[in-house]
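# Coordinates in review
The chain contents come next:
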Amino acid sequence: MLVSSVVGGVNLSQCKSKKSLLHQGVVSNSIPLLARNGYTKCVKKSQKVSDSIRPSSFVFTSKQQPKNLKAATEVIPTSTQIVHTEWRINKFGGTCMSTADRIRAAAELMLKEKGPNCVVLSAMGSHPTSRVKVTDLILNMIKKASLQDANFLINLAELQEKHVDTAKQLLGPTPELTKFVSLLMDDISNLKAMLQAMSIAGMSNESFSDFVVGHGELWSARLFYLLCKQQGADVAFMDTRDVLVVTPTSDGTSVDLNEEVSKKKLQEWTELNGKRKLIVATGFIAKNTLGQATTLRRNGSDFSATILGALFRSQHITIWTDVDGVFSADPRKVPEAVCLPSLTYHEAWELSYFGANVLHPRTTLPAMKYQIPITIRNFFNQEAPGTRVSDVGSDADYYRSKVTVKGFATIDDVTLISVEGTGMVGVPGIASSIFSAVRDAGVNVIMISQASSEQSICFAVNKHDGDVAVQVLEEKFASSIAAGRVSAIEAIRHCCVLAAVGQGMVAHKGVAATMMSALAKANVNIKAIAQGSSEYNITVLIDQADSERSLQAVHSRFYLSDVPIGVGIVGPGLIGGTLIRQLKEQREQLKREFNIDLRLLGIASSKKMLLCETGVNLDTWKEDFETNSVPCDLEKFGEYLANHYIPNRAIVDCTASDAPAQKYASWMEKGIHIVTPNKKMGSGPLDQYRAVRKLQREGYIHFFYEGTVGAGLPVLGTLKHLVETGDKIIKVEGILSGTLSYIFNTFGDGRPFSEIVKDAKAKGYTEPDPRDDLNGTDVARKVCILARESGLMLELNDVPVQSLVPEPLRAVASADEYMKRIPDFDAEMDKKLKEADAAGECLRFVGVVDVSNGKGSVELRRYPKSHPFAQLQGSDNILSFTTQRYFKQPLIIRGPGAGADVTAAGVFSDLLRLAAYLGAPS
Ligand code: ADP
Ligand code: ASP
Ligand code: MG
């Protein structure tokens, strides 16, 4: 047998030395990889890895890229050779068979059909009032019996009751009901005997269990058949155990169809049952070559449908379920997922293999062989056209289309096995030994990745197979371990495989890089990477805990190209409240025009917090915050955001307090970006500041604090840009306080200094206690921030401050008393003003960063009346940057530098900058 094992969609026979994009170095080095630059390792044809999911009829041997599975070299009839019959297949999943009403609606749909139809049915599924699926219930019952738990009898009674009830509703008091109930009771008494035998023996075997579990399909199909018969349809019942013969794959996780035998059996069945317009067939069940009942494994009714489609050479297969079609990701995990209008067979196969459980993984194979289109449709929304799976026109579509990745899926709960050792380098046959040992133990390999250094091979297996895999490898490599050639065989548990699937990836560069950067930005650590040499999929192995978030992150990056950011605001006061208003005003436009989706997920004040998983209502947030909040716990606030499914999360600290600032590092470690106008971190202890900057540099986590200096003015952004483009900062000097700007711009109009302070306070320009402005500390903090951004690592204490609060008034208890006594010092200020005036100068309170001399200061300086600082009006801020480039004429930034609106706007622009860093279009 030719074995071209498709492992995790990886076609091993093609990959001689074909390295993936990853190996070509498109992945950023800063992504922590266990198998960095890993590529899918070739395994020789003789090295059978696992054939459990290998499409038995399709073997690629060409090194050339098969554009679709038609390029496979096994003799497959071309579409011109295939003669399709009039038969159509309609499969109704458990979702459509869960109540009498639904079964009736499905039957009505089929009775309306004109041409011949074969209906394939699943066992009754769950619905809102009965969450239990019949197949799950039966499996649970078998387990109980084999564990000698007598409650299996309760399950059996439940099954009986559920089917009798449904039959009564569907068939009414008719001979059909009598027939159904009598057959059901026969089955129930047989099952009871079998289960009792299992219970006595304290065990069950696969044959028994397969026989028992298939009853769900038998009963649902019988019900459907009797209902159609009662309605006068020309209908026959097909127990597919009389027709389908299958062989289990070596690891037992799937089955292969014995096509010739099954075809013959179908002919015999047709001869016996005559030509009918409608055939009602059981999904899921078949027989093995020994004539024993077996199943096509979980979700196997989809596979039954396409097998029957192939045997009938049917013209079309419809799979009815409870979603509009195949989505770009599991809609339960990614609410933004979109329904895909079309998929190629190969894409559908890869997506289902990688966990999109809307289809059984092998479903597409029989349909692909005979080029039968499959449509997945929503039984509950029949208006929707569904997803068409075929190959028709797909190549052209893809090359025209910009959609490189069609969909994403995850296989949850896998274990990564890593075999490492320097002794593996350049030794032929290592991979072969590993995988043959694993194969012999019946372990199915989901994905493989090998570091290009050949020092390690890692592969993912189902969590139940992890221990066995390690054990067989330890036995196999005992001598290599003893000799130190193999240093470790390790099982890393609680992992998840995330796959991106799409035929369009073939023609596009950088898909892997984009995927990896989306994951890095969502702070997801990648443990291993593999790309199928067919380039139809890229798979990464990540922590199980990151599963949903990663799915969201890559989905939004590729599919919607939306950048969702979940925002938590700390401090819903003046600035925070204004920011929420601005978010509300801009939200729709940002989404529409820039693909930025900002969602407010939580608000915290010092006392309480409001958390809303789906997003705080921006119209009613104030009331909601008052009434629905819980006591504030900043630790929990961070945890909540860190665990939120939105891949990018940011906390906006709109306070001026230490408490939130002290949490930045731990929030950033959790993958949360920080945006703030709070100066406490930027000017706080240097070690804390450095720790935050380090986290930012190393972790793709951003810390933006433009709002701390000059409010909404582009001060820090400009400075950063100058430094990053190689300019040398010599001096930064500026009027950095809106309050002090106003006071000195006004001082000189003839009024004494104390009057001007009173005026500023009355206009709301000052803090409640004006000393908080006049003592210069706030300006010193800004100087400290500017110094650090310029590369001068100053502590706040290193910045000498000339306080404008006279010595005797510093200790005065209240603001009122200070205001009362301030006129006593007017003469002093007046003298300074007069002296300056006499020299043709004016007074300005400035912050200075003298980078050349390594100093910062805050002081009252005199400037010529022609100086830009002298021209300032109102409460504007002004900054002058003297740099190597801007030497003769400094670079000046001037504009409103205080007030809630401009400060919130500064914070908002940081949020947009964050979105741009996270991939929003610029
Ligand atoms: P049925 O009983 O009809 O066979 P299933 O439960 O087996 O239904 O499959 C349908 C379910 O598959 C959907 O309800 C959906 O939640 C889930 N699903 C997972 N991944 C996808 C996907 N990519 N597209 C659509 N549905 C998906
Ligand atoms: N009833 C079976 C299962 O639940 C098969 C199917 O519904 O596809 O696995
Ligand atoms: Mg299903």
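Residues numbered from 1 in each chain as written. Chains lettered and ligands numbered in written order. Predicted model: local features only at pLDDT ≥ 70, side-chain atom pairs only at ≥ 80, totals over all residues. Heavy atoms only, no water.

## Some details on the overall build of the protein
- Counting its regular elements, the protein contains 32 helices and 32 strands.
- Per-residue burial for the protein yields a buried fraction of 57% across its 922 residues.
- The long-range share in the protein, meaning contacts at least 24 apart out of those at least 6 apart in sequence, stands at 74%.
- Split by element, the accessible area of the protein, about 37100 Å² in all, is 50% carbon and sulfur. (Helix = DSSP H or I, 4+ residues; strand = E, 2+ residues; numbered from the N terminus. Buried < 20%, exposed > 50% of the residue type's maximum accessible area, 1.4 Å probe, protein only. Contact = heavy atoms within 4.5 Å. Areas by Shrake-Rupley, 256 points an atom, 1.4 Å probe, with all protein chains shown as cover.)

## With respect to the sheet that holds strand E10 (residues 293–295)
- Spatial ordering of the open sheet is given by E7-E6-E9-E10, a layout of four strands whose pairing is mixed. The outermost strands of the open sheet, each flanked by one partner alone, are strand E7 (255–257) and E10. Each strand of the sheet is rotated relative to its neighbour by a mean of 55°, with strand direction disregarded. (Pairing = 2+ DSSP bridges. Axes fitted to C-alpha atoms, helices over the stretch in contact; angles between N-to-C directions.)

## A closer look at the confidence of the model for the protein
- This prediction gives the protein a mean pLDDT of 85; 87% of its residues lie at or above 70.
- Confidence over residues 1–76 falls short of pLDDT 50; this stretch has 194 contacts with residues more than four positions distant or in other chains.
- Counting contacts from residues 394–402, a segment whose pLDDT is below 50, to residues more than four positions away or on other chains yields 16 contacts. (pLDDT = per-residue confidence, 0-100.)

## Things to note about the site of ligand 1
- Close to ligand 1 lie 19 residues; Thr95, Thr321, Asp322, Phe327 and Arg332 are nearest.
- Gly94 places a main-chain nitrogen or oxygen 3.1 Å from an oxygen atom of ligand 1.
- The separation between an oxygen atom of ligand 1 and a polar side-chain atom of Thr321 is 2.7 Å.
- Looking at the shell around ligand 1 residue by residue, the class counts come to eight nonpolar, seven polar and four charged. (Near = heavy atom within 4 Å. Polar contact = N/O pair within 3.5 Å; in protein donor to acceptor, adjacent residues only side chain to side chain. Nonpolar A, V, L, I, M, F, W, Y, C, P; charged D, E, K, R; others polar.)

## Here we look at the nonpolar core
- In this structure, Phe744, Leu774 and Leu786 are the most contacted members of the largest nonpolar core, which totals 75 residues.
- The element best represented in this core is helix H28 (residues 777–789), accounting for seven residues.
- A domain split of this core shows at least three residues from each of domain 3 (563–710 + 910–918) and domain 4 (715–898).
- Residues within four places of Leu774 in sequence aside, it is in contact with Leu740, Ile743, Phe753, Val757, Ser803, Leu804, Val805 and Tyr818.
- Of all hydrophobic cores here, the second largest spans 61 residues; its members include Val246, Tyr370, Leu416 and Ile446. (Core = buried A, V, L, I, M, F, W, Y, C linked by side-chain atoms within 4.5 Å. Domains from an automatic or database assignment.)

## Looking at the site of ligand 2
- Taken together, the neighbourhood of ligand 2 is formed by Ser122, Thr135, Glu217, Phe284, Arg298, Asn299, Gly300 and Ser301.
- Contact distances for ligand 2 include 3.4 Å between an oxygen atom and a backbone N or O atom of Gly300.
- Protein chains bury 94% of the 260 Å² of accessible surface belonging to ligand 2 in isolation.
- Looking at side-chain class alone, the shell around ligand 2 contains one nonpolar, five polar and two charged residues.

## Focus: the packing of helix H2 (residues 134–146) against helix H5 (residues 206–213)
- Running from N to C, H2 and H5 point in directions that differ by 145°, and their axes come no closer than 9 Å. Two packed elements cross with a definite hand, and for H2 against H5 that hand is right-handed. In this structure, H2 uses Thr135, Ile138, Leu139, Met141 and Ile142 to contact H5, whose residues at the interface are Ser209, Val212 and Val213.
- Residue composition of the contact of H2 with H5, by class: six nonpolar, two polar and no charged. (Left-handed = near helix turned anticlockwise from the far one by under 90°.)

## Description of the packing of aromatic side chains
- Going through the model one piece at a time under the given rule, you end up with 19 aromatic pairs.
- Relative to Phe753, the ring of Phe744 has its centre 5.8 Å away and its plane inclined at 40°; by these criteria the two rings are tilted. Exposure class is identical for Phe744 and Phe753. Each is buried.
- Three or more aromatic residues joined by ring pairs form one cluster here, namely Phe92, Phe224, Trp320, Phe379 and Phe380.
- The residue whose ring lies beneath Arg913 is Phe704, and the NZ or CZ to ring-centre distance is 4.2 Å. (Phe/Tyr/Trp six-rings, centres within 6.5 Å; stacked < 30°, edge-to-face > 60°. Lys NZ or Arg CZ within 6 Å of the ring centre and 35° of its normal.)

## A short note on helix H8 (residues 301–312)
- Relative to the 16 Å expected for twelve residues at 1.5 Å per residue, H8 spans 16 Å between its end C-alpha atoms, a close match to the ideal helical length.
- Most of H8 is tucked away, with twelve of its twelve residues classed as buried.
- Regarding H8, the residues found buried are Ser301, Asp302, Phe303, Ser304, Ala305, Thr306, Ile307, Leu308, Gly309, Ala310, Leu311 and Phe312.
- Looking one or two places after H8, you find Arg313, whose phi comes out positive at around 50°. (Expected span 1.5 Å × (residues − 1).)

## Some points on unusual backbone geometry
- The backbone phi angle of Arg297 is positive, close to 75°, even though this residue is not glycine.
- Inspection of the secondary structure assignment puts Arg297 in the loop between E10 and H8.
- Despite not being glycine, Asp413 shows a phi value in the positive range, around 55°.
- Of the residues examined, Asp413 reaches a relative accessible area of 30% and is grouped as partly exposed.

## Overview of the environment of Leu912
- You can see Leu912 is positioned in helix H32 (residues 900–917).
- With 322 residues separating them along the chain, Leu912 and Leu590 place their C-alpha atoms 9.2 Å apart.
- In this view, Leu912 contacts Leu590, Ile596 and Leu598; residues no more than four positions away in its chain are not counted.

## Looking at the sheet that holds strand E8 (residues 278–282)
- With mixed pairing, eight strands are arranged side by side in an open sheet as E5-E8-E4-E3-E11-E13-E14-E12. In the strand order of this sheet, the two ends are held by strand E5 (235–238) and strand E12 (342–343), each with one partner.
- Each of E5 and E8 touches helix H7 (residues 259–273); the most contacted strand, E5, lies at about 140° to it.

## Some points on the pairing of strand E18 (residues 488–501)
- In this sheet, E18 lies alongside strand E15 (residues 407–420) in antiparallel orientation, the contact comprising eleven bridges. Each residue of the ladder has a partner; that of Leu416, found in E18, is Ile492.
- Sheet topology note: the E18/strand E20 (residues 537–543) ladder contains seven bridges and is antiparallel. Pairing of Cys495 across the sheet is with Asp543, part of E20.

## Overview of the packing of H2 against helix H3 (residues 152–171)
- Axis separation between H2 and H3 bottoms out at 8 Å; the angle between their running directions is 155°. Looking at the two axes, H2 sits roughly antiparallel to H3. Of the two elements, H2 crosses H3, and the hand of that crossing is left-handed. Contacts from Val134, Leu137, Ile138, Asn140, Met141, Lys144 and Ala145 of H2 reach H3 at Phe152, Asn155, Leu156, Glu158, Leu159, Lys162 and His163.
- Of the residues contributing to the contact of H2 with H3, the split by class is eight nonpolar, three polar and three charged. (Parallel < 35°, antiparallel > 145°, perpendicular 65-115°, else oblique.)

## Some remarks on the pattern of salt bridges
- Scanning the model with the defined rule gives 53 salt bridges in all.
- A salt bridge links Lys834 to Asp830; the nearest nitrogen and oxygen atoms lie 2.9 Å apart. With a gap of four residues between them, Lys834 and Asp830 both fall in helix H31 (residues 826–838), about one helical turn apart.
- Asp830 sits in the partly exposed class, given a relative accessible area of 30%.
- Residues Asp837 and Lys865 are paired through a salt bridge, measuring 2.3 Å at the closest nitrogen-oxygen approach. Placement of Asp837 in helix H31 and of Lys865 in the loop between strand E30 (855–864) and strand E31 (876–883) is noted, with a sequence separation of 28 residues between them.
- Under the relative-accessibility criterion, Lys865 is labelled partly exposed at 42%.
- Salt bridges sharing common partners tie together Glu336, Arg587, Glu588, Lys591, Asp597 and Arg599. (Salt bridge = Lys/Arg side-chain N within 4 Å of Asp/Glu carboxyl O.)

## Brief notes about H5
- For H5, the set of buried residues is Ser209, Asp210, Val212 and Val213. All buried residues of H5 project into a common sector of 165° when viewed along the axis, lining one side.
- Buried residues along H5 sit in contact with H2, helix H4 (175–201), helix H6 (215–230) and E10.
- Two or three places before Ser207, at the opening of H5, Asn205 has a side-chain oxygen 3.2 Å from that residue's backbone nitrogen. (Arc of directions from axis to C-beta.)

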